[in-house]
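What follows is the residue order along each chain.
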Amino acid sequence: MPKIVYPICCGIDVHKSFVVACIAKTDKNLVTTYSKSKRFSTFTSDLRRLSDWLAENNCNDVCMESTGKYWIPVWNILEQTCNCTIAHPKYANEPFDVTQYLTKNIKAPVEQIQAAVDGEMCVEQAEKLRIIRSHMDSLKLCKANLESTILTIAKKFLPQINLVVTVPGIAAFSAVAIIGEIGVDMSVFETSRHLCSWAGLTPQNDQSAGKKKTTRISRAGAYIKPFLVQCALAAIKSNKHPEIRNRYNAIKKRRGHKKAIIAIARMLLTAIYNILKKNEPYNAELYRQSDKPPVQRIVTTEQAVFILQRQGYLVTDSP
(Lines give C-alpha, C1' and ligand atoms only; values in the text may rest on other atoms or scores of the structure.)
Protein backbone atom coordinates (compact mmCIF):
# COMPACT_ATOMS: atom_id res chain seq x y z
CA MET A 1 0.00 0.00 0.00
CA PRO A 2 1.47 3.38 -0.99
CA LYS A 3 2.45 5.83 1.72
CA ILE A 4 0.65 9.15 2.14
CA VAL A 5 3.37 11.80 2.02
CA TYR A 6 1.23 14.97 2.36
CA PRO A 7 -2.17 14.27 3.96
CA ILE A 8 -3.05 17.96 3.75
CA CYS A 9 -1.45 20.14 1.09
CA CYS A 10 -2.25 23.12 -1.06
CA GLY A 11 -1.68 23.89 -4.73
CA ILE A 12 -1.49 27.57 -5.71
CA ASP A 13 -2.12 28.89 -9.20
CA VAL A 14 -0.08 32.11 -9.44
CA HIS A 15 -1.09 35.03 -11.67
CA LYS A 16 0.11 38.61 -11.94
CA SER A 17 -2.57 40.22 -9.78
CA PHE A 18 -4.11 37.26 -7.96
CA VAL A 19 -3.55 33.69 -6.80
CA VAL A 20 -5.97 30.80 -6.46
CA ALA A 21 -5.32 28.31 -3.66
CA CYS A 22 -6.90 24.86 -3.38
CA ILE A 23 -6.47 22.58 -0.36
CA ALA A 24 -6.39 18.81 -0.95
CA LYS A 25 -6.97 16.31 1.86
CA THR A 26 -6.23 12.56 1.55
CA ASP A 27 -7.68 10.05 4.03
CA LYS A 28 -6.37 6.64 5.03
CA ASN A 29 -8.19 5.02 2.12
CA LEU A 30 -6.18 7.14 -0.34
CA VAL A 31 -9.25 9.15 -1.28
CA THR A 32 -8.36 12.76 -2.05
CA THR A 33 -10.94 15.52 -1.73
CA TYR A 34 -10.50 19.09 -2.88
CA SER A 35 -12.74 20.65 -0.31
CA LYS A 36 -11.66 24.27 -0.21
CA SER A 37 -10.62 26.73 -2.89
CA LYS A 38 -10.15 30.46 -2.47
CA ARG A 39 -8.83 33.44 -4.42
CA PHE A 40 -6.50 36.10 -3.01
CA SER A 41 -4.93 39.20 -4.51
CA THR A 42 -1.14 39.57 -4.64
CA PHE A 43 -1.08 42.53 -2.26
CA THR A 44 0.89 41.77 0.88
CA SER A 45 -2.13 42.15 3.17
CA ASP A 46 -4.09 39.59 1.17
CA LEU A 47 -1.14 37.18 1.04
CA ARG A 48 -1.03 37.33 4.85
CA ARG A 49 -4.72 36.38 4.80
CA LEU A 50 -3.73 33.42 2.62
CA SER A 51 -1.14 32.37 5.21
CA ASP A 52 -3.73 32.59 8.01
CA TRP A 53 -6.26 30.65 5.90
CA LEU A 54 -3.75 27.83 5.40
CA ALA A 55 -2.99 27.74 9.12
CA GLU A 56 -6.70 27.51 9.96
CA ASN A 57 -6.95 24.43 7.75
CA ASN A 58 -3.81 22.81 9.22
CA CYS A 59 -2.03 23.03 5.86
CA ASN A 60 1.74 23.42 6.07
CA ASP A 61 2.79 22.10 2.64
CA VAL A 62 2.37 24.32 -0.39
CA CYS A 63 3.27 23.83 -4.07
CA MET A 64 3.17 26.64 -6.63
CA GLU A 65 4.22 27.05 -10.25
CA SER A 66 7.26 29.14 -11.21
CA THR A 67 5.32 31.72 -13.27
CA GLY A 68 7.85 34.37 -14.26
CA LYS A 69 8.67 36.42 -11.16
CA TYR A 70 5.11 36.48 -9.82
CA TRP A 71 5.78 33.64 -7.37
CA ILE A 72 8.47 35.58 -5.45
CA PRO A 73 6.19 37.79 -3.25
CA VAL A 74 3.97 34.77 -2.54
CA TRP A 75 7.03 32.75 -1.49
CA ASN A 76 8.30 35.56 0.75
CA ILE A 77 5.11 35.53 2.80
CA LEU A 78 4.40 31.79 2.94
CA GLU A 79 7.92 30.53 3.64
CA GLN A 80 7.64 31.81 7.19
CA THR A 81 4.81 29.40 8.08
CA CYS A 82 4.77 26.73 5.33
CA ASN A 83 7.01 24.30 3.52
CA CYS A 84 6.96 25.81 0.03
CA THR A 85 7.87 24.01 -3.20
CA ILE A 86 8.40 25.71 -6.57
CA ALA A 87 7.56 23.43 -9.49
CA HIS A 88 7.73 23.71 -13.26
CA PRO A 89 4.32 24.72 -14.71
CA LYS A 90 4.38 21.58 -16.86
CA TYR A 91 4.22 19.45 -13.72
CA ALA A 92 2.25 21.82 -11.48
CA ASN A 93 -0.87 22.31 -13.65
CA GLU A 94 -3.95 20.40 -14.77
CA PRO A 95 -4.28 21.17 -18.57
CA PHE A 96 -3.50 24.86 -19.27
CA ASP A 97 -6.79 26.79 -19.44
CA VAL A 98 -6.88 29.06 -22.52
CA THR A 99 -10.39 30.48 -22.04
CA GLN A 100 -9.23 33.53 -20.09
CA TYR A 101 -6.92 34.57 -22.96
CA LEU A 102 -9.42 34.28 -25.81
CA THR A 103 -10.76 37.40 -27.52
CA LYS A 104 -14.00 37.99 -29.40
CA ASN A 105 -12.17 37.96 -32.75
CA ILE A 106 -11.13 34.31 -32.41
CA LYS A 107 -13.36 32.07 -34.52
CA ALA A 108 -11.82 28.68 -33.73
CA PRO A 109 -13.65 26.59 -31.09
CA VAL A 110 -12.20 26.50 -27.57
CA GLU A 111 -11.64 22.75 -27.74
CA GLN A 112 -9.46 23.10 -30.84
CA ILE A 113 -7.33 25.85 -29.27
CA GLN A 114 -7.00 23.87 -26.05
CA ALA A 115 -5.74 20.89 -28.03
CA ALA A 116 -3.28 23.07 -29.96
CA VAL A 117 -1.46 24.31 -26.83
CA ASP A 118 -0.90 20.77 -25.58
CA GLY A 119 2.60 19.97 -26.80
CA GLU A 120 6.30 19.94 -26.02
CA MET A 121 9.03 22.37 -26.95
CA CYS A 122 12.80 22.07 -26.82
CA VAL A 123 15.12 24.77 -25.48
CA GLU A 124 16.11 25.94 -28.96
CA GLN A 125 12.49 26.35 -30.03
CA ALA A 126 11.67 28.30 -26.89
CA GLU A 127 14.62 30.62 -27.50
CA LYS A 128 13.48 31.14 -31.09
CA LEU A 129 10.04 32.16 -29.87
CA ARG A 130 11.57 34.57 -27.36
CA ILE A 131 13.57 36.21 -30.15
CA ILE A 132 10.45 36.52 -32.33
CA ARG A 133 8.46 38.05 -29.47
CA SER A 134 11.29 40.47 -28.78
CA HIS A 135 11.29 41.48 -32.45
CA MET A 136 7.52 42.02 -32.34
CA ASP A 137 7.85 44.21 -29.25
CA SER A 138 10.56 46.21 -31.02
CA LEU A 139 8.28 46.76 -34.02
CA LYS A 140 5.45 47.88 -31.75
CA LEU A 141 7.80 50.39 -30.11
CA CYS A 142 8.90 51.72 -33.52
CA LYS A 143 5.26 52.04 -34.56
CA ALA A 144 4.39 53.93 -31.38
CA ASN A 145 7.33 56.30 -31.86
CA LEU A 146 6.36 56.90 -35.49
CA GLU A 147 2.74 57.59 -34.58
CA SER A 148 3.89 60.02 -31.89
CA THR A 149 6.03 61.87 -34.45
CA ILE A 150 3.15 62.02 -36.94
CA LEU A 151 0.75 63.39 -34.34
CA THR A 152 3.28 66.03 -33.30
CA ILE A 153 3.67 67.22 -36.90
CA ALA A 154 -0.10 67.14 -37.52
CA LYS A 155 -0.94 69.07 -34.35
CA LYS A 156 -1.19 72.41 -36.21
CA PHE A 157 -3.85 70.90 -38.49
CA LEU A 158 -6.01 69.67 -35.59
CA PRO A 159 -9.12 71.76 -36.51
CA GLN A 160 -9.13 70.35 -40.06
CA ILE A 161 -8.50 66.81 -38.76
CA ASN A 162 -11.50 67.09 -36.44
CA LEU A 163 -13.65 68.05 -39.44
CA VAL A 164 -12.42 65.23 -41.69
CA VAL A 165 -13.02 62.52 -39.05
CA THR A 166 -16.76 63.32 -39.24
CA VAL A 167 -16.79 61.66 -42.68
CA PRO A 168 -17.93 57.99 -42.57
CA GLY A 169 -15.15 55.41 -42.62
CA ILE A 170 -12.37 57.87 -41.68
CA ALA A 171 -10.57 57.74 -38.32
CA ALA A 172 -7.94 60.06 -36.86
CA PHE A 173 -4.86 58.61 -38.56
CA SER A 174 -6.83 58.23 -41.80
CA ALA A 175 -7.63 61.94 -41.67
CA VAL A 176 -3.96 62.76 -41.09
CA ALA A 177 -2.96 60.65 -44.11
CA ILE A 178 -5.57 62.28 -46.36
CA ILE A 179 -4.60 65.81 -45.31
CA GLY A 180 -0.97 64.85 -45.84
CA GLU A 181 -1.84 64.06 -49.48
CA ILE A 182 -4.27 66.85 -50.46
CA GLY A 183 -3.46 69.55 -47.89
CA VAL A 184 -6.03 71.81 -46.22
CA ASP A 185 -6.20 74.62 -48.80
CA MET A 186 -8.87 73.57 -51.31
CA SER A 187 -8.44 76.73 -53.40
CA VAL A 188 -5.71 74.91 -55.35
CA PHE A 189 -8.48 72.77 -56.87
CA GLU A 190 -11.06 74.63 -58.95
CA THR A 191 -13.84 72.15 -58.12
CA SER A 192 -14.27 68.85 -56.31
CA ARG A 193 -14.17 67.12 -59.70
CA HIS A 194 -10.66 68.45 -60.28
CA LEU A 195 -9.61 66.97 -56.92
CA CYS A 196 -11.21 63.60 -57.75
CA SER A 197 -9.48 63.62 -61.14
CA TRP A 198 -6.14 64.40 -59.48
CA ALA A 199 -6.72 61.48 -57.10
CA GLY A 200 -7.44 59.10 -59.99
CA LEU A 201 -11.08 58.48 -59.03
CA THR A 202 -12.72 59.91 -62.16
CA PRO A 203 -13.57 57.67 -65.16
CA GLN A 204 -11.71 58.46 -68.36
CA ASN A 205 -13.60 59.97 -71.29
CA ASP A 206 -11.78 58.32 -74.19
CA GLN A 207 -14.01 58.56 -77.27
CA SER A 208 -13.32 58.23 -80.96
CA ALA A 209 -15.83 58.38 -83.84
CA GLY A 210 -18.71 58.51 -81.36
CA LYS A 211 -17.58 55.34 -79.56
CA LYS A 212 -16.28 55.06 -76.04
CA LYS A 213 -13.00 53.15 -75.92
CA THR A 214 -12.64 53.00 -72.13
CA THR A 215 -14.20 54.36 -68.96
CA ARG A 216 -11.58 52.99 -66.57
CA ILE A 217 -10.14 55.29 -63.93
CA SER A 218 -6.66 56.68 -64.46
CA ARG A 219 -3.46 55.59 -62.72
CA ALA A 220 -3.17 58.88 -60.82
CA GLY A 221 -3.33 58.99 -57.02
CA ALA A 222 -1.04 56.03 -56.42
CA TYR A 223 -1.12 56.63 -52.63
CA ILE A 224 -4.42 58.33 -51.84
CA LYS A 225 -6.62 56.26 -54.15
CA PRO A 226 -6.08 52.82 -52.51
CA PHE A 227 -6.31 54.50 -49.12
CA LEU A 228 -9.70 56.05 -49.93
CA VAL A 229 -10.88 52.67 -51.22
CA GLN A 230 -10.09 51.19 -47.80
CA CYS A 231 -12.05 54.00 -46.13
CA ALA A 232 -14.95 53.35 -48.52
CA LEU A 233 -14.94 49.64 -47.63
CA ALA A 234 -15.19 50.60 -43.96
CA ALA A 235 -17.96 53.15 -44.64
CA ILE A 236 -20.29 50.72 -46.43
CA LYS A 237 -20.16 48.34 -43.46
CA SER A 238 -21.32 50.97 -40.97
CA ASN A 239 -24.95 50.94 -39.86
CA LYS A 240 -24.74 54.59 -38.80
CA HIS A 241 -24.63 55.92 -42.36
CA PRO A 242 -27.33 54.29 -44.51
CA GLU A 243 -26.88 56.97 -47.21
CA ILE A 244 -23.46 55.50 -47.99
CA ARG A 245 -24.61 51.88 -48.02
CA ASN A 246 -27.75 52.65 -50.06
CA ARG A 247 -25.75 54.38 -52.78
CA TYR A 248 -23.23 51.54 -52.83
CA ASN A 249 -25.98 48.92 -53.21
CA ALA A 250 -27.71 50.92 -55.96
CA ILE A 251 -24.51 51.23 -58.02
CA LYS A 252 -23.43 47.65 -57.32
CA LYS A 253 -26.63 46.28 -58.89
CA ARG A 254 -25.86 48.05 -62.18
CA ARG A 255 -22.07 48.27 -62.33
CA GLY A 256 -20.64 45.69 -59.92
CA HIS A 257 -18.67 45.89 -56.67
CA LYS A 258 -15.44 47.43 -57.98
CA LYS A 259 -17.04 50.37 -59.74
CA ALA A 260 -19.43 50.88 -56.84
CA ILE A 261 -16.61 51.10 -54.29
CA ILE A 262 -14.73 53.59 -56.50
CA ALA A 263 -17.90 55.68 -56.63
CA ILE A 264 -18.10 55.65 -52.82
CA ALA A 265 -14.42 56.62 -52.56
CA ARG A 266 -15.13 59.53 -54.93
CA MET A 267 -18.15 60.44 -52.81
CA LEU A 268 -16.01 60.55 -49.65
CA LEU A 269 -13.34 62.69 -51.32
CA THR A 270 -16.00 65.10 -52.61
CA ALA A 271 -17.37 65.40 -49.08
CA ILE A 272 -13.87 66.09 -47.72
CA TYR A 273 -13.35 68.80 -50.36
CA ASN A 274 -16.54 70.62 -49.34
CA ILE A 275 -15.88 70.13 -45.63
CA LEU A 276 -12.43 71.72 -45.83
CA LYS A 277 -13.57 74.47 -48.17
CA LYS A 278 -16.66 75.46 -46.15
CA ASN A 279 -15.13 74.62 -42.76
CA GLU A 280 -18.22 72.58 -41.84
CA PRO A 281 -18.57 68.99 -40.56
CA TYR A 282 -20.08 66.16 -42.58
CA ASN A 283 -23.85 66.49 -43.01
CA ALA A 284 -25.58 63.20 -43.79
CA GLU A 285 -28.96 64.89 -44.16
CA LEU A 286 -27.91 66.47 -47.47
CA TYR A 287 -27.32 63.02 -48.96
CA ARG A 288 -30.59 61.67 -47.56
CA GLN A 289 -32.54 64.50 -49.15
CA SER A 290 -30.88 63.95 -52.52
CA ASP A 291 -31.76 60.24 -52.42
CA LYS A 292 -35.51 60.93 -52.12
CA PRO A 293 -37.36 60.25 -55.38
CA PRO A 294 -39.13 63.27 -56.93
CA VAL A 295 -42.84 63.70 -56.41
CA GLN A 296 -43.41 64.11 -60.16
CA ARG A 297 -41.50 61.74 -62.38
CA ILE A 298 -41.83 63.87 -65.51
CA VAL A 299 -38.44 64.68 -67.05
CA THR A 300 -37.41 66.63 -70.14
CA THR A 301 -35.59 65.12 -73.08
CA GLU A 302 -32.30 66.64 -71.93
CA GLN A 303 -32.78 65.23 -68.41
CA ALA A 304 -33.63 61.80 -69.80
CA VAL A 305 -30.49 61.82 -71.95
CA PHE A 306 -28.42 62.85 -68.93
CA ILE A 307 -29.87 60.03 -66.81
CA LEU A 308 -29.12 57.46 -69.52
CA GLN A 309 -25.57 58.76 -69.96
CA ARG A 310 -24.95 58.49 -66.20
CA GLN A 311 -25.95 54.83 -66.40
CA GLY A 312 -23.44 54.17 -69.18
CA TYR A 313 -25.65 54.34 -72.26
CA LEU A 314 -24.49 56.01 -75.47
CA VAL A 315 -27.38 58.18 -76.73
CA THR A 316 -27.55 58.95 -80.46
CA ASP A 317 -30.11 60.67 -82.70
CA SER A 318 -32.57 58.40 -84.47
CA PRO A 319 -32.27 58.26 -88.31
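Note that this is a predicted model, so its numbers are computed, not measured. (Residues numbered from 1 in each chain as written. Predicted model: local features only at pLDDT ≥ 70, side-chain atom pairs only at ≥ 80, totals over all residues. Heavy atoms only, no water.)

> I tried to follow the overall build of the chain on my own but got confused; where do I start?
Assigned secondary structure in the chain consists of 13 helices and 7 strands. Taking all 319 residues of the chain together, 26% fall into the buried category. Counting contacts in the chain only where the partners sit at least 6 residues apart, residues at least 24 apart contribute 48% of the total. (Helix = DSSP H or I, 4+ residues; strand = E, 2+ residues; numbered from the N terminus. Buried < 20%, exposed > 50% of the residue type's maximum accessible area, 1.4 Å probe, protein only. Contact = heavy atoms within 4.5 Å.)

> I would appreciate a short explanation of the state of the cysteines in the present structure.
Disulfide: a covalent bond connecting the sulfur atoms of a pair of cysteines. Tallied over the full model, the rule gives 0 disulfides. Its sulfur unpaired, Cys-82 is 5.6 Å from the next cysteine sulfur, which belongs to Cys-84. (Disulfide = S-S within 2.5 Å.)

> Teacher, can you tell me more about the sheet that holds strand 5 (residues 83-87) here?
Strands belonging to one sheet form pairs held by backbone hydrogen bonds; the direction of such a pair is parallel or antiparallel. What the 5 strands build is an open sheet, ordered 3-2-1-4-5; its pairing is mixed. The two strands at the open ends of the sheet, each matched to only one other strand, are strand 3 (32-41) and strand 5. On average, each strand axis in the sheet is inclined to that of its neighbour by 20°, with strand direction left out of account. Bridge count between strand 4 (residues 61-65) and strand 5: 5 bridges; the pairing is parallel. Counterpart to Met-64 in the pairing with strand 5 is Ile-86. Packing against the sheet, helix 1 (residues 44-56) makes contact with strand 1 (8-14), strand 2 (18-26), strand 3 and strand 4, and its axis sits at approximately 160° to strand 3. (Pairing = 2+ DSSP bridges. Axes fitted to C-alpha atoms, helices over the stretch in contact; angles between N-to-C directions.)

> It is not clear to me how the packing of aromatic side chains should be interpreted in this structure. Could you clarify?
The description of an aromatic ring pair uses the distance of the two centres, along with the angle that the planes make with each other. Evaluated as defined, the whole model comprises 3 aromatic pairs. Residue placement shows Arg-39 over the ring face of Phe-18; its charged tip is 3.6 Å from the ring centre. (Phe/Tyr/Trp six-rings, centres within 6.5 Å; stacked < 30°, edge-to-face > 60°. Lys NZ or Arg CZ within 6 Å of the ring centre and 35° of its normal.)

> Could you clarify how one ought to interpret the nonpolar core in this entry?
Taken as a class, soluble globular proteins show a tendency for nonpolar side chains to be buried jointly. Membership of the largest hydrophobic core comes to 43 residues, with the highest contact counts inside it found for Ile-170, Ile-182, Ile-244, Ile-264, Leu-268, Leu-269 and Ile-272. Taken together, the elements giving at least two residues each to this core come down to helix 6 (158-164), helix 7 (172-182), helix 8 (192-198), helix 9 (224-235), helix 10 (242-255) and helix 11 (257-278). With 14 residues, helix 11 is the single largest residue contributor to this core. Not counting the four nearest positions on each side in its chain, Leu-268 is found in contact with Val-167, Pro-168, Cys-231, Ala-232, Ala-235 and Ile-244. (Core = buried A, V, L, I, M, F, W, Y, C linked by side-chain atoms within 4.5 Å.)

> Sorry if this is basic, but what is going on with the pattern of salt bridges here?
Proximity of charged atoms lets side chains of opposite charge pair with each other. Applying the stated criterion to the full structure yields 2 salt bridges. Residue Arg-49 pairs with Asp-46 through a salt bridge whose shortest N-O separation is 2.2 Å. Here the residue Arg-49 and the residue Asp-46 both occupy positions in helix 1, the gap between them amounting to 3 residues, near one helical turn. Of the residues examined, Arg-49 reaches a relative accessible area of 41% and is grouped as partly exposed. (Salt bridge = Lys/Arg side-chain N within 4 Å of Asp/Glu carboxyl O.)

> Help me out: how do you make sense of the pairing of strand 2 in this one?
Along any regular strand the residues' side chains alternate between the sheet's two faces. The sheet contact formed by strand 1 and strand 2 spans 7 bridges and is antiparallel. Considered in strand 2, the bridge of Cys-9 is made with Ala-24. Two successive antiparallel strands, strand 1 and strand 2, enclose a turn made up of 3 residues. Of the pairings in the sheet, the one linking strand 2 to strand 3 comprises 8 bridges and is antiparallel in character. Across the sheet, Val-20 pairs through a bridge with Arg-39, a residue of strand 3. What sits between the antiparallel neighbours strand 2 and strand 3 is a turn of 5 residues, in which Leu-30 has the positive phi angle 65°.

> Is there a simple way to explain the environment of Ile-236 in this structure?
Mapped onto the elements, Ile-236 comes out in the loop between helix 9 and helix 10. Spatially, the C-alpha atom of Ile-236 lies 8.5 Å from that of Asn-246, the residues being 10 residues apart in sequence. In contact with Ile-236, not counting residues within four places along its chain, are Ile-244, Arg-245, Tyr-248, Ile-261 and Ile-264.

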